[in-house]
Amino acid sequence: MVARMLKYRWQYVMILPAVVLLFLFNYIPMAGIQIAFKDFAIGSTIWGSHWTGLENFAFVHEEQFWKVVKNTLYISVLKFIFGFPLPILLALMINEIKNSAFKRFVQSVSYLPHFFSWIVVAYILQSFLTLDGGLANDLITKMGGDPIFFLGSTEWFRPMIVSSGLWKEVGWNTILYLAAISTIDPQLYEAAKVEGAGKLAQIRHITLPGILPTISIVLILSIPSLITVGMDQIYPMMNSANQEVADVLDTYVLRNGLQQGYFGVATAVGLISSVISLILVLTTNSVSRKINGEGLW
Amino acid sequence: MKVTVLERTGQWIIVLLLALLCVSVIYPFLYMLAISLNTGADAAKGGVYLWPRSFTWINYEIVLGNPVIRHAYLITIGRTVLGTFGGLAVTIMAAYGLSYKHLPFRNGILTYILITMLFNGGLIPFYIQLFKLGLTNTFWVYVIPGLFSVWNMFVMQKFIQGIPEVMIECAELDGAGPFRILLQIIVPLSKPMLAALGLFTAVGHWNDWFSGAFYVNDQNLIPVQTFLQQLLTAQDLSSVLSSNQNQEALARSSMSNITLMSVKMATVMISALPILLVYPFLQKYFVKGVMIGSVKG
């Protein structure tokens, strides 16, 4: 064994940086979860802090916490309801275009927003929706309506987040479906045409079944992320006026922990969401093994 | 081939919808460009939708004259270059080292790596670890923690497995060590995949605002996106104008010509420009990259 390990010594050297990095930035933080059960403050040591039992978990009795949970689920479910079927629909539409130059153009343009940061997206929203000189309110007032303060309203926050999320990612999410469509045997379509099947019938009986495996993979992969709505998108759009509906688990952890220094409480909330997402991943994997005969691992 | 009226109308509807989608992506950038090239006070009156009405470079002069922004640019470029090349190096070394099937403890190491995909300590313990390692408030917090990507490693491994083993065995017979094989055989053969993964990593670095906002206090260390994030909620121009070296430009223009909005739009255009410029050249790589990554979810 030792001789065999010596033979592979250079391979170990290659793997070493990765192993060390994971140890430093993944495994030690895992051990740091004990902060959730301690009265830790920055400056003291984790191991030296006192155990406090479940004291840090007192937030489960607070209304505010459950509001945050509700906000998280609300936004992630909404994003899923729209974000899951629309790329499929878009891919089907792109596939129907006969002019290949226009087809390539549509694809290039629809992928583009994926490469911009959520901050840039937030600026786009601000420039369109702001009260002073924004395009949307210009149009509303021209048509005789009252200007709406989109950026600081509780009713408009969710539509804003869901639609800007769609705008940014819908094109990008079509790539896999378009690839799957391109592998479908063209003879199937020829045969269907001979039998007199119209476009819609072809989509229903050939294209959709053809991309079904891809659809199910995307579905499986999207379920574990239901609990993490993404600080990246929400945080830049959140302000004191819309916090009621904008505050999600990620921003709650951020505010309590990094901004206010309640490390124990924030770690406890983070722990709960890590455990939920672990359960989601494991469940999804075993369900997919049962149905598809193959899981993620 | 007979085309029914219904199908032709369908085709037109699809073309129309997709053209609308393209407009929705392109227009915001034209709009922001027009605002940024217009004098601020004039733009605030509204009505600048596509073309600057009262053209000026002043907003760009203000932004580029700001040492904080210029410095932020250097930070962003530095972390993108170091983070991308360093990340690819660490990740491909691990992927190649682990591609040796007879490596002792190979499965153990793979499990060690896989676990980090399922569970993590969450934000707070991660932050505390960064703090303890002395990484907070340094440039290296942008580069080191993200050097190894588990996801990219698995994608690379899949690709390396596709390289004929005969080539590697031949090189070994000729006396080449693993590092030489990696540099002279694996890396050249993996170029398209390295390009795709490198592009994704680079975009991730370019667009990251989070670490600059929370792991760093020193304004001299923030990247462009964090600067943008701070500017997004700014109430007045002082954050851009203070310590502005471009006093000459400021003096030439009366202050009323510059508004927060026009300066914001110029800043966001400057931050987005590099991506807009390289995008056409990189397109062919990223589609390929998504394909490689998706073969197994």
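What you see is a predicted model; the values in this text were computed from it and never measured. (Residues numbered from 1 in each chain as written. Chains lettered and ligands numbered in written order. Predicted model: local features only at pLDDT ≥ 70, side-chain atom pairs only at ≥ 80, totals over all residues. Heavy atoms only, no water.)

A.B. asks: Describe the overall build of chain A, with residues and values.
C.D. replies: Each helix and strand in chain A was counted, giving 15 helices and zero strands. Scaling as 2.2 N^0.38, a compact globule of 297 residues should have a C-alpha radius of gyration of about 19 Å, whereas chain A reaches 25 Å, well beyond that. Taken along its principal axes, the extent of the C-alpha atoms in chain A is 75 × 75 × 35 Å. Within chain A, residue pairs in contact and separated by at least 24 positions form 62% of the contacts whose partners lie at least 6 positions apart. When the 19 positive and 18 negative side-chain charges of chain A are each reduced to one mean point, those points stand 13 Å apart. (Helix = DSSP H or I, 4+ residues; strand = E, 2+ residues; numbered from the N terminus. Rg over C-alpha atoms; globule rule 2.2 N^0.38 Å. Contact = heavy atoms within 4.5 Å. Lys, Arg positive; Asp, Glu negative; His and termini not counted. Charge placed at Lys NZ, Arg CZ, Asp CG, Glu CD.)

A.B. asks: Describe the overall build of chain B, with residues and values.
C.D. replies: Across its full length, chain B holds 15 helices and zero strands. A globule of 297 residues ought to have a C-alpha radius of gyration of about 19 Å, yet chain B, at 25 Å, is considerably larger. Across its three principal directions, the C-alpha atoms of chain B cover 75 × 70 × 35 Å. Counting all 297 residues of chain B, 53% fall into the buried class. Within chain B, residue pairs in contact and separated by at least 24 positions form 73% of the contacts whose partners lie at least 6 positions apart. Carbon and sulfur atoms make up 68% of the accessible area of chain B, which totals about 13900 Å². Chain B carries 17 positive and 11 negative side-chain charges, and their two centres are separated by 7 Å. (Buried < 20%, exposed > 50% of the residue type's maximum accessible area, 1.4 Å probe, protein only. Areas by Shrake-Rupley, 256 points an atom, 1.4 Å probe, with all protein chains shown as cover.)

A.B. asks: So what about the pattern of salt bridges? Which residues, and what values?
C.D. replies: Counted by the stated rule, this structure contains seven salt bridges over all chains. Residue Lys-193 of chain A pairs with Glu-190 of chain A through a salt bridge whose shortest N-O separation is 3.9 Å. Taken together, the residues Lys-193 of chain A and Glu-190 of chain A, both in helix H10 (residues 186–194) and three residues apart, mark about one turn of the helix. Between Arg-53 of chain B and Asp-42 of chain B there is a salt bridge, with the nearest N and O atoms lying 3.1 Å from each other. Taken together, the positions of Arg-53 of chain B in the loop between helix H2 (40–44) and helix H3 (58–64) and Asp-42 of chain B in helix H2 put the pair 11 residues apart, joining distant regions of the chain. (Salt bridge = Lys/Arg side-chain N within 4 Å of Asp/Glu carboxyl O.)

A.B. asks: If you had to explain the confidence of the model for chain A to someone new, which residues and values would you point to?
C.D. replies: Per-residue confidence for chain A gives a mean pLDDT of 89; residues scoring 70 or more make up 99%. The least confident element of chain A is helix H1 (residues 2–7) of chain A, whose mean pLDDT is 86; the most confident is helix H2 (residues 9–31) of chain A, at 96. (pLDDT = per-residue confidence, 0-100.)

A.B. asks: Tell me about a nonpolar patch on the surface, and please be specific about residues and values.
C.D. replies: All names here are of chain A. Taken together, Leu-73, Val-77, Ile-81, Phe-82, Leu-86 and Leu-89 make up a surface patch of nonpolar side chains, about 500 Å² in accessible area. Broken down by element, the residue count for the nonpolar patch peaks at four residues, all from helix H3 (residues 63–83). With respect to the element layout, Ile-81 can be found in helix H3. For Ile-81, a relative accessible area of 49% translates into the label partly exposed. (Patch = residues over 30% accessible without salt bridge, like charges linked within 9 Å, V, L, I, M, F, W, Y side chains within 5 Å.)

A.B. asks: Break down the packing of aromatic side chains for me, with residues and values.
C.D. replies: A full pass over the atoms with the stated rule returns 34 aromatic pairs over all chains. Here Tyr-27 of chain B and Tyr-31 of chain B contribute two aromatic rings whose centre-to-centre distance is 5.9 Å and whose plane-to-plane angle is 35°, an arrangement assigned as tilted. Of this pair, Tyr-27 of chain B and Tyr-31 of chain B both sit in helix H1 (residues 5–36), four residues apart, which is roughly one turn of that helix. Ring pairs connect the aromatic residues Phe-25 and Tyr-235 of chain A together with Phe-126, Tyr-127, Trp-209, Phe-210, Phe-214 and Tyr-215 of chain B, which therefore count as one cluster. (Phe/Tyr/Trp six-rings, centres within 6.5 Å; stacked < 30°, edge-to-face > 60°.)

A.B. asks: Provide a residue-level description of the packing of H2 of chain A against helix H6 (residues 123–132) of chain B, including the pertinent values.
C.D. replies: Interhelical geometry of H2 of chain A versus H6 of chain B gives an angle of 125° and a closest axis separation of 9 Å. Here H6 of chain B runs oblique to H2 of chain A, going by the angle between their axes. The two elements H2 of chain A and H6 of chain B meet at a crossing, and its hand is right-handed. Where H2 of chain A approaches H6 of chain B, its residues Leu-24, Phe-25, Ile-28 and Pro-29 of chain A are matched on the opposing element by Pro-125, Phe-126, Gln-129 and Leu-130 of chain B. Residue composition of the contact of H2 of chain A with H6 of chain B, grouped by class: seven nonpolar, one polar and no charged. (Axes fitted to C-alpha atoms, helices over the stretch in contact; angles between N-to-C directions. Parallel < 35°, antiparallel > 145°, perpendicular 65-115°, else oblique. Left-handed = near helix turned anticlockwise from the far one by under 90°. Nonpolar A, V, L, I, M, F, W, Y, C, P; charged D, E, K, R; others polar.)

A.B. asks: Which residues make up the side chain of Ser-127 of chain A, and what values go with them?
C.D. replies: Along the chain, the position of Ser-127 of chain A falls in helix H6 (residues 118–129). Residue class for Ser-127 of chain A comes out buried when judged on its relative accessible area of 4%. Not counting residues up to four positions away in its chain, the partners in contact with Ser-127 of chain A are Gly-134 and Leu-135 of chain A together with Tyr-31, Met-32, Met-261 and Met-265 of chain B.

A.B. asks: So what's going on with the nonpolar core? Which residues, and what values?
C.D. replies: Phe-157 and Leu-258 of chain A together with Tyr-96, Phe-148, Ile-181, Ile-186 and Tyr-215 of chain B are the most contacted members of the largest nonpolar core, which has 176 residues in total. In terms of residues, this core owes the most to one element, helix H15 (residues 260–294) of chain B, which gives 13 residues. With sequence-adjacent residues up to four places away left out, Ile-181 of chain B is seen in contact with Tyr-96, Tyr-100, Ile-168, Ala-171, Glu-172, Ala-176 and Ile-186 of chain B. (Core = buried A, V, L, I, M, F, W, Y, C linked by side-chain atoms within 4.5 Å.)

A.B. asks: Outline the environment of Pro-186 of chain A, listing residues and values.
C.D. replies: Residue placement: Pro-186 of chain A occurs in helix H10. When the C-alpha atoms of Pro-186 of chain A and Pro-85 of chain A are compared, they prove to be 24 Å apart, with 101 residues separating the residues in sequence.

A.B. asks: Please give an account of the interface of chain A and chain B that cites residues and values.
C.D. replies: Many analyses report the size of an interface as the accessible area lost when the parts associate. At the interface, 90 residues of chain A touch 92 residues of chain B. Interface area lost by chain A to chain B is led by Met-14, Phe-115 and Tyr-123 of chain A, which between them contribute 10%. Summed over the shared surface of chain A and chain B, the result is zero salt bridges. In this assembly, chain A and chain B are joined by 25 residue pairs in polar contact (both at pLDDT 80 or more). No other element matches the 19 residues that H2 of chain A contributes to the side of chain A that touches chain B. For the side of chain A that touches chain B, the residue count by class is 65 nonpolar, 16 polar and nine charged. (Buried area = accessible area lost by both parts, 1.4 Å probe. Polar contact = N/O pair within 3.5 Å; in protein donor to acceptor, adjacent residues only side chain to side chain.)

A.B. asks: Can you explain the environment of Tyr-12 of chain A? Please cite residues and give values.
C.D. replies: For Tyr-12 of chain A, the position within the fold is in helix H2. Apart from residues no more than four positions distant in its own chain, Tyr-12 of chain A is found in contact with Met-5 of chain A together with Leu-103, Pro-104, Phe-105 and Ile-109 of chain B. At 2.5 Å, the side chain of Tyr-12 of chain A and the backbone oxygen of Pro-104 of chain B are in polar contact.

A.B. asks: Explain the side chain of Ser-108 of chain A residue by residue, including any values.
C.D. replies: By the element assignment, Ser-108 of chain A lies in helix H5 (residues 100–111). A polar contact is formed between the side chain of Ser-108 of chain A and the side chain of Gln-283 of chain B, at a distance of 3.2 Å.

A.B. asks: Could you give an account of the environment of Asn-137 of chain B, naming the residues involved and the relevant values?
C.D. replies: Residue and element names in this part refer to chain B. Summarising the element assignment, Asn-137 is placed in the loop between H6 and helix H7 (150–161). Taking the relative accessible area as the measure of exposure, Asn-137 reaches 34% and is therefore partly exposed. On a C-alpha basis, the gap between Asn-137 and Asp-218 in space is 6.5 Å, while along the polypeptide they are 81 residues apart.

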